[in-house]
Amino acid sequence: MAQISDDCFAFGGPMRPIDETAALIASKLSAVQEVEAVSLVLADGRFLARKMVAPLPLPPFTNSAVDGYAVRGADLPQTVKTAFAVAGRVQAGMAPDEPVLPGQTMRIFTGAPMPKGADTVFMQEDVSVDGSGRVILPPGLKTGANVRAMGEDVALGEGVLPAGHRLRPQDVALAAALGFIELQVKRRIRVAVFSTGDEIVAPGDLRGPAQLFDSNRFMLTAMLARLCCDVTDLGILMDDSRLIAEKLREAASSHDLILTSGGVSTGEADCVKAAVESAGTLVFWRVAIKPGRPVAMGVIDGIPLIGLPGNPVASFVTFAHIARPAILALVGARQQPPIPIAVRAGFSYSKKQGRREYVRANVHATADGSYEATKFPREGAGLLSSLVATDGLVELGEEIVHVEPGHTVNFLAYSSLL
Ligand code: AMP
Ligand code: MG
C-alpha cells in the first residue's frame, strides 16, 4: 500500500477552491504499483498498467471497402465509359493468388484482400455488366477509391493507448482487433466505506421514529464500483468518536482509502473529525462548493481518509469532485475532468462569488434545436429525489454571481461524473 505523510494535506486558508483541492489530492497520493492480467471480457472500466503498443497494423492487409470490382488505377477510364473482362473473384477470408492484369477487373467483396496489381474498387452499384459478361466502368473514379490500406487505422508499433487509461468498450475492441487476449491492468483500489450517525439504520433493520435508512453507503458503493474499486462495506457506525477511531485504524491496515459519510460538519455529534484526530491526522477543509462544503481529509497510518458530508446530494457532489480524483490518483490514471456541454439556462439564479455551485438540472431540446437546462425547483442538499429526477449538474464557476434565462451555462451529465 502506498503510504503518505501525516501532514501532506495541511492547509491554512479558510476556503479551498475545488480545482485546487482536486489537484492537491492528485499530487499527494501515489499510485498502487501492483498489476494483474484481465481477460478482455473483464477489462471494461479497468485502468491500463502499461502503454498499449500495436503488434500488427490495422487493417492487417489492404482490402476492399465495398462490394464491387477491383481494377488497376492506371487503367481507369478518364472521360468515357470502358468495358473490362472479369478475371476472377475474391471473397472476404480468401487470399487471392491471381493478379489483376491491365484491362481486367476482378469481382471483389467487402473486406477481401486486394489482388496484386489492383488499387481501386468500383462499387457494384456504379457499374453494369454487358451481354458478354464484361463490366462497364463509368469514367471519373479516382485511383485508390474504396480501398482500405494496410495500417491506415493503426500503424505497426504505434502506441494506441497510454498507461493509466481507463478502458472503455471501444478500447477493448481495439485490443481484440490487435490480437490481445488479456491486458495488464492496475489492481483494484481497496476502499473501506462506512456511514456514521445515531439516526442512520440499514435498510432491512428496524427503523425507530427518529431514524433514517442509510442511503449514502449504497450510493457511494455504487459509484466506487463504477471506478472498479474493491469495496469493503463497514456498515454504519454510531456517533462515538472512540469507536470510529478504532474502526479507522483497523480499516487503514488493509485498504488504500477510507471513505466515510456524515459527521464532518460543526455539530457536536460530528464525531468523524474527532475520530480522525485521535487515530491519525485531520485536515478539515471547507471546500468552496455548494452543495458540499465541509469535507474532511485525513491520514490514518499512512492511508488517506476522505470524510464526505452526510447530506446525500452533498455526498454525491463531493464524491464526484474529491473522492473520484483521489481514486484516479491511487490507480495511476490520468485525471479526467468531466467535459462540460454549453447549454442555455432556462432559469435565473443568484450565488455568492468565489464559490462553485452545482445546480441540479434537466436538459431538453427547444424549438430552435438548441438545448436548455431547467433547474430542479428545490435546492435542499438532502433531497435525494432531486438527484433522481435530473440529468446532471449545471456548473456555475466561482466568478459568476447571477444567471438569467438565455445565458450560456456549462452542463455536466451525471454519466460524465462517474
Ligand atoms: P451530518 O453530515 O452527519 O451532519 O449529516 C447531515 C444530514 O445528512 C443529516 O440530516 C443526516 O441525517 C443525513 N445523513 C447522514 N448520513 C446519511 C446517510 N448515510 N444516508 C442518508 N442520510 C444521511
Ligand atoms: Mg451525523
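The model shown is predicted, which means the values in this text are computed figures rather than measured ones.

A few points about the environment of Leu42
Right, so step 1: With respect to the secondary-structure elements, Leu42 resides in the loop between strand 1 (35-39) and strand 2 (52-53).
Right, so step 2: In the structure, Leu42 is positioned 339 residues away from Ala381 in sequence and 36 Å away in space, judged by C-alpha atoms.

Details of the packing of aromatic side chains
Right, so step 1: As enumerated under the stated definition, the model contains 2 aromatic pairs in all.
Right, so step 2: Between the aromatic rings of Phe316 and Tyr414, the centroid separation amounts to 5.4 Å while the plane-to-plane angle is 85°, which identifies the pairing as edge-to-face. Of the two residues, Phe316 is situated in helix 6 (residues 312-330) and Tyr414 in helix 8 (residues 414-417); the sequence distance between them amounts to 98 residues.
Right, so step 3: Its relative accessible area of 11% is what places Tyr414 among the buried residues.
Right, so step 4: Seen from their ring centres, Phe347 and Tyr349 are 6.5 Å apart, and the 85° between their planes marks the pair as edge-to-face.
Right, so step 5: By relative accessible area, which is 9% here, Tyr349 ends up buried.
Right, so step 6: Between Arg207 and the ring centre of Phe213, over which it is positioned, the NZ or CZ distance is 5.9 Å.

Focus on the domain arrangement of the chain
When the parts of a complex come together, some accessible area is lost, and that lost area is often taken as the interface size.
Right, so step 1: In terms of domains, the chain is made up of domain 1 (16-34 + 188-330), domain 2 (50-58 + 155-186), domain 3 (63-148) and domain 4 (341-417).
Right, so step 2: Computed from C-alpha atoms alone, the centre-to-centre distance between domain 3 and domain 4 is 56 Å.

What to know about the site of ligand 1
Right, so step 1: If you check the shell around ligand 1, you find 15 residues, and the closest are Glu199, Asp214, Ser215, Gly263 and Gly310.
Right, so step 2: About the coverage of ligand 1: the protein hides 78% of its 490 Å² of free accessible area.
Right, so step 3: Residue classes in the shell around ligand 1 are distributed as 2 nonpolar, 10 polar and 3 charged.

Section: helix 3 (residues 216-226)
Right, so step 1: Within the span of helix 3, buried status applies to Asn216, Arg217, Met219, Leu220, Met223 and Leu224. Taken down its axis, helix 3 places every buried residue within 165° of arc, on the same side.
Right, so step 2: Among the structural elements, strand 13 (190-196), strand 16 (230-237), strand 17 (257-261), strand 21 (303-308), helix 6 and helix 7 (384-389) are those in contact with the buried residues of helix 3.

Looking at the pairing of strand 25 (residues 371-375)
Right, so step 1: In terms of strand pairing, strand 22 (residues 341-345) meets strand 25 through 2 bridges, oriented parallel. Opposite Arg344, over in strand 25, you have Glu372 as the bridge partner.
Right, so step 2: Summarising the sheet, strand 24 (residues 356-365) and strand 25 pair through 5 bridges and their orientation is antiparallel. Bridge pairing in strand 25 places Ala361 opposite Lys375.

Quick look at the pairing of strand 22
Right, so step 1: Here strand 22 pairs with strand 28 (residues 408-413) via 4 bridges, running antiparallel. Pairing of Val343 across the sheet is with Val409, part of strand 28.

Section: a negative patch on the surface
Right, so step 1: Taken together, the side chains of Asp198, Glu199, Asp240, Glu246 and Glu250 present a region of like negative charge at the surface.
Right, so step 2: Along the chain, Asp198 turns up in the loop between strand 13 and strand 14 (200-201).
Right, so step 3: Residue Asp198 is classed as partly exposed on the basis of its relative accessible area, which comes to 37%.

Structural notes on the environment of Gln184
Right, so step 1: As for its placement among the helices and strands, Gln184 is situated in strand 12 (residues 182-186).
Right, so step 2: Classification of Gln184 by relative accessible area gives partly exposed; the value is 31%.
Right, so step 3: Linking Gln184 and Val135, residues 49 residues apart in sequence, is a C-alpha distance of 51 Å.
Right, so step 4: For Gln184, the residues in contact, after removing those within four places along its chain, are Val35, Glu36, Ala37, Phe47, Leu48, Ala49 and Arg50.

Cut-offs applied
- Residues numbered from 1 in each chain as written.
- Chains lettered and ligands numbered in written order.
- Predicted model: local features only at pLDDT ≥ 70, side-chain atom pairs only at ≥ 80, totals over all residues.
- Heavy atoms only, no water.
- Helix = DSSP H or I, 4+ residues; strand = E, 2+ residues; numbered from the N terminus.
- Phe/Tyr/Trp six-rings, centres within 6.5 Å; stacked < 30°, edge-to-face > 60°.
- Buried < 20%, exposed > 50% of the residue type's maximum accessible area, 1.4 Å probe, protein only.
- Lys NZ or Arg CZ within 6 Å of the ring centre and 35° of its normal.
- Domains from an automatic or database assignment.
- Near = heavy atom within 4 Å.
- Areas by Shrake-Rupley, 256 points an atom, 1.4 Å probe, with all protein chains shown as cover.
- Nonpolar A, V, L, I, M, F, W, Y, C, P; charged D, E, K, R; others polar.
- Arc of directions from axis to C-beta.
- Contact = heavy atoms within 4.5 Å.
- Pairing = 2+ DSSP bridges.
- Patch = residues over 30% accessible without salt bridge, like charges linked within 9 Å, V, L, I, M, F, W, Y side chains within 5 Å.
- Salt bridge = Lys/Arg side-chain N within 4 Å of Asp/Glu carboxyl O.
- Lys, Arg positive; Asp, Glu negative; His and termini not counted.
- Charge placed at Lys NZ, Arg CZ, Asp CG, Glu CD.

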